[in-house]
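Coordinate analysis (summary)
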Amino acid sequence: VQLQASGGGLVQAGDSLRLSCAASGRTFSSYTMGWFRQAPGKEREFVARILWSGGITRYADSVKGRFTISRDNAGNTVYLQMNSLKPEDTAIYYCAAGPGLLTTTPREYSYWGQGTLVTVSS
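Being a predicted model, the structure only gives us computed values, none of them experimental.

Turning our attention to the environment of Tyr109. Inspection of the secondary structure puts Tyr109 in the loop between strand E9 (91-99) and strand E10 (111-112). The spacing of Tyr109 and Cys95 is 14 residues in sequence and 9.7 Å in space, taken between C-alpha atoms. Contacts of Tyr109, omitting those with residues within four sequence positions, involve Thr32, Met33, Gly34, Phe36, Arg49, Ala96, Ala97, Gly98, Leu102 and Thr103. At 2.7 Å, the side chain of Tyr109 forms a polar contact with the backbone oxygen of Thr103.

In structure tokens, the structure reads:
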């Protein structure tokens, strides 16, 4: 399994970004796909996750209403649409995957992408 995250960059507060995670190496119909982030000096934290089959989603309280996770079945790609970005959203964002319906705990996810940096200036 390979996960390739992209789409990060430098934006101003209030702007939007869309992150992509291209997944390959198997079929993901029974997998949970997640986005996590890690800011400098902080632990990796859950952002959002989606069950590939059925599209059940869950969000961290800090991003609820601003971020949207979705998947493109045909392209095996998971997206994270981030609106109304805040400086506290600055972090390296990682996509992750694992079998079954997973929760918010990083160790539940078996596969990780390399991360993409999002910087939000005030």
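Scanning all chains against the criterion turns up 1 disulfide. What pairs with Cys21 in a disulfide is Cys95, and their sulfur atoms sit 2.3 Å apart. Looking along the S-S bond of the Cys21-Cys95 disulfide, the torsion reads about 65 degrees, which is the right-handed sense. One end of the pair, Cys21, is in strand E3 (residues 17-24); the other, Cys95, is in strand E9, with 74 residues separating them in the sequence. Look at Cys95 and you get buried, because its relative accessible area is 1%.

Opposite charge on two side chains makes pairing possible when the charged atoms of those side chains draw close. Counted according to the given criterion, the structure contains 4 salt bridges. A salt bridge links Arg37 to Glu45; the shortest N-O distance between them is 2.6 Å. According to the relative accessible area criterion, Arg37 is buried, its value standing at 6%. When salt bridges with common partners are traced through the structure, they connect Arg37, Glu45, Arg66 and Asp89 into a single cluster.

For the coordinates displayed, the defined rule picks out 8 aromatic pairs. Between the aromatic rings of Tyr31 and Tyr111, the centroid separation amounts to 6.5 Å while the plane-to-plane angle is 20 degrees, which identifies the pairing as stacked. Residue Tyr31 is located in strand E4 (residues 31-38), and its partner Tyr111 is located in strand E10; the two are separated by 80 residues in the primary sequence. For Tyr31, a relative accessible area of 5% translates into the label buried. Taking relative accessible area as the criterion, Tyr111 reaches 31% and is therefore assigned partly exposed. Measuring from ring centre to ring centre gives 5.0 Å for Phe36 and Tyr109, while their planes differ by 80 degrees; the resulting arrangement is edge-to-face. Linking Phe36 in strand E4 with Tyr109 in the loop between E9 and E10, this pair joins segments that are 73 residues apart in sequence. The rings of Phe36, Phe46, Tyr94, Tyr109 and Trp112 are connected pair by pair, giving a single aromatic cluster. The ring of Tyr94 has Arg44 lying over it, and the distance from NZ or CZ to the ring centre is 3.8 Å. Over the ring of Trp112 we find Arg44, and its NZ or CZ is 4.8 Å from the ring centre.

As a further point, take the environment of Ile69. Summarising the element assignment, Ile69 is placed in strand E7 (residues 67-72). A relative accessible area of 4% places Ile69 in the buried class. Sequence spacing of Ile69 and Glu45 is 24 residues, and the spatial spacing of their C-alpha atoms is 16 Å. Ignoring anything within four residues of it in the chain, the contact list for Ile69 reads Met33, Trp35, Ala48, Arg49, Ile50, Thr57, Tyr59, Val78, Tyr79 and Leu80.

Definitions and limits used
Residues numbered from 1 in each chain as written. Predicted model: local features only at pLDDT ≥ 70, side-chain atom pairs only at ≥ 80, totals over all residues. Heavy atoms only, no water. Helix = DSSP H or I, 4+ residues; strand = E, 2+ residues; numbered from the N terminus. Contact = heavy atoms within 4.5 Å. Polar contact = N/O pair within 3.5 Å; in protein donor to acceptor, adjacent residues only side chain to side chain. Disulfide = S-S within 2.5 Å. Buried < 20%, exposed > 50% of the residue type's maximum accessible area, 1.4 Å probe, protein only. Salt bridge = Lys/Arg side-chain N within 4 Å of Asp/Glu carboxyl O. Phe/Tyr/Trp six-rings, centres within 6.5 Å; stacked < 30°, edge-to-face > 60°. Lys NZ or Arg CZ within 6 Å of the ring centre and 35° of its normal.

Just geometry here; none of it tells us what the structure is for.
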